[in-house]
Amino acid sequence: MADRQSWSVKGTAILTELVKMMDVSAAESQLLGSLHDGAKAQTTAFTDAFYKRLLGHAATAEYLDGVSVERLTGMLGMWFSDLFRGNYDEAYAQQRLKIGEIHVRIGLPVRYPLAMLDVIMPFGEQVAATSSDPAKAITAFRKVLALDVALFNQAYEDNQLSHLADLVGGERLARLLLAGQ
Ligand code: HEM
């Protein structure tokens, strides 16, 4: 199997690449930024629904045992309102990647954060729908959310690849193994 260009994109270059790929325009950023206060007003409803879903499932509720849900609620609320911060640069992407890394370190399978899109998406779209241009705002919101999904997943892949590379003696070999070669 031939090496792929994407295999040579590493570290902060991944952030630059993803931000570029999502191509959130200045007009879209501005549109989302204008909804920041509206998003903040929705954070309690959002975090309530989020934790209700996690607590309703034994395998996810276990992760919240002995954790300050009050502290987490504040951080999750900020994560949500930041989707509408209106600036989606590399520093933003780095922050979101770090949040993904925190979940890697608690041993949380990635399927759970990904499944939570079912709760996140309608709240975000509801905020976007209050825009002066709802259709554009919803499209922009989906881009920004897709960026987060990619970054969350990147945190998991970075971790797995680095451990496998250590085991087999190199990242290229690790990638070939993962591709079933
Ligand atoms: C896309 C979905 C998710 C988002 C956006 C999210 C967001 C966050 C944020 C912003 C933090 C705080 C990070 C920090 O300390 O800077 C956090 C921490 C945490 N999250 Fe999530 N989370 C998600 C999914 C989940 C799921 C599915 C679980 C468990 C079932 C979970 C459990 C936790 C726990 C236990 C912490 C605290 C980690 C620690 O401080 O040791 N999260 N999350």
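Computed from a predicted model, the values in this text were never measured in an experiment. Each residue is numbered by its place in its chain's sequence as written, counting from 1. Only residues with pLDDT of at least 70 are given local features in this predicted model, and only at 80 or more are side-chain atom pairs given and counted; all residues enter the totals for whole chains, interfaces and linings. For the side-chain quantities, the full set of heavy atoms in the structure was used; hydrogens and water were omitted.

### Focus: the coordination of the iron atom of the ligand
Argument step 1. Each metal site lists N, O and S donors within 2.8 Å (3.2 Å for Na, K and Ca). With water left out of the atoms, a site can look as if it is missing ligands. With respect to protein ligation, the iron atom of the ligand binds only His103 (NE2), at 2.0 Å.
Argument step 2. Numbering goes from the N terminus for both helices and strands, where a helix is a DSSP run of H or I of at least four residues and a strand is a run of E of at least two. The topology assignment puts His103 in helix α6 (residues 90-105).

### A look at the pattern of salt bridges
Argument step 1. Note on definitions: salt bridges are taken to be side-chain nitrogens of Lys or Arg within 4 Å of carboxyl oxygens of Asp or Glu. One pass over the full model with this rule turns up nine salt bridges.
Argument step 2. Between Asp3 and Arg172 there is a salt bridge; the shortest N-O distance is 2.7 Å. Taken together, the positions of Asp3 in the segment before α1 (12-22) and Arg172 in helix α10 (residues 171-178) put the pair 169 residues apart, joining distant regions of the chain.
Argument step 3. Overall, Asp3 belongs to the partly exposed group, its relative accessible area being 46%.
Argument step 4. When accessible area is computed with a 1.4 Å probe and restricted to protein chains, residues below 20% of their type maximum are described as buried, those above 50% as exposed, and intermediate ones as partly exposed. Residue Arg172 is classed as partly exposed on the basis of its relative accessible area of 44%.
Argument step 5. Residues Lys143 and Glu28 are paired through a salt bridge, measuring 3.0 Å at the closest nitrogen-oxygen approach. Linking Lys143 in helix α9 (residues 134-168) with Glu28 in helix α2 (residues 26-33), this pair joins segments that are 115 residues apart in sequence.
Argument step 6. Each of the salt bridges in this network shares a partner with another, and the network as a whole consists of Lys10, Glu171 and Arg175.

### Some points on unusual backbone geometry
Argument step 1. One non-glycine residue, Asp23, lies in the positive phi region at around 50°.
Argument step 2. Along the polypeptide, Asp23 turns up in the loop between α1 and α2.
Argument step 3. Its relative accessible area of 53% is what places Asp23 among the exposed residues.

### Description of the UniProt feature "domain: Globin-sensor" (unreviewed entry) in the protein chain
Argument step 1. UniProt positions are given in the numbering used here, feature names are shortened, and annotations may be inferred rather than shown by experiment. With numbering matched to this structure, UniProt assigns "domain: Globin-sensor" (unreviewed entry) to residues 15-159.
Argument step 2. Between the end C-alpha atoms of residues 15-159 there is a gap of 16 Å, over a span that is 78% helix and 0% strand.

### Things to note about α2
Argument step 1. Those residues of α2 lying buried are Glu28, Ser29, Leu31 and Leu32. Seen along its axis, α2 keeps its buried residues to an arc of 160°; they face one direction. Of the residues in α2, the exposed ones pointing more than 90 degrees away from the buried face are Ala26, Ala27 and Gln30.
Argument step 2. Should any heavy atoms of two residues lie within 4.5 Å, those residues are considered in contact. If you follow the buried residues of α2, they end up packed against α3 (36-55) and α9. Note that the arc is defined by the directions from the helix axis to the C-beta atoms.

### A look at the packing of aromatic side chains
Argument step 1. Here a pair means two rings of Phe, Tyr or Trp (six-membered ring of Trp) with centres within 6.5 Å. Their orientation is stacked below 30 degrees between planes, edge-to-face above 60, and tilted elsewhere. According to the stated counting rule, one finds seven aromatic pairs in the structure shown.
Argument step 2. Here Phe50 and Tyr51 contribute two aromatic rings whose centre-to-centre distance is 5.4 Å and whose plane-to-plane angle is 75°, an arrangement assigned as edge-to-face.
Argument step 3. Overall, the relative accessible area of 11% leaves Phe50 in the buried class.
Argument step 4. On the basis of relative accessibility, which here comes to 9%, the residue Tyr51 falls in the buried class.
Argument step 5. Between the aromatic rings of Phe84 and Phe141, the centroid separation amounts to 5.6 Å while the plane-to-plane angle is 5°, which identifies the pairing as stacked. One end of the pair, Phe84, is in the loop between α5 (69-82) and α6; the other, Phe141, is in helix α9, and 57 residues separate them in sequence.

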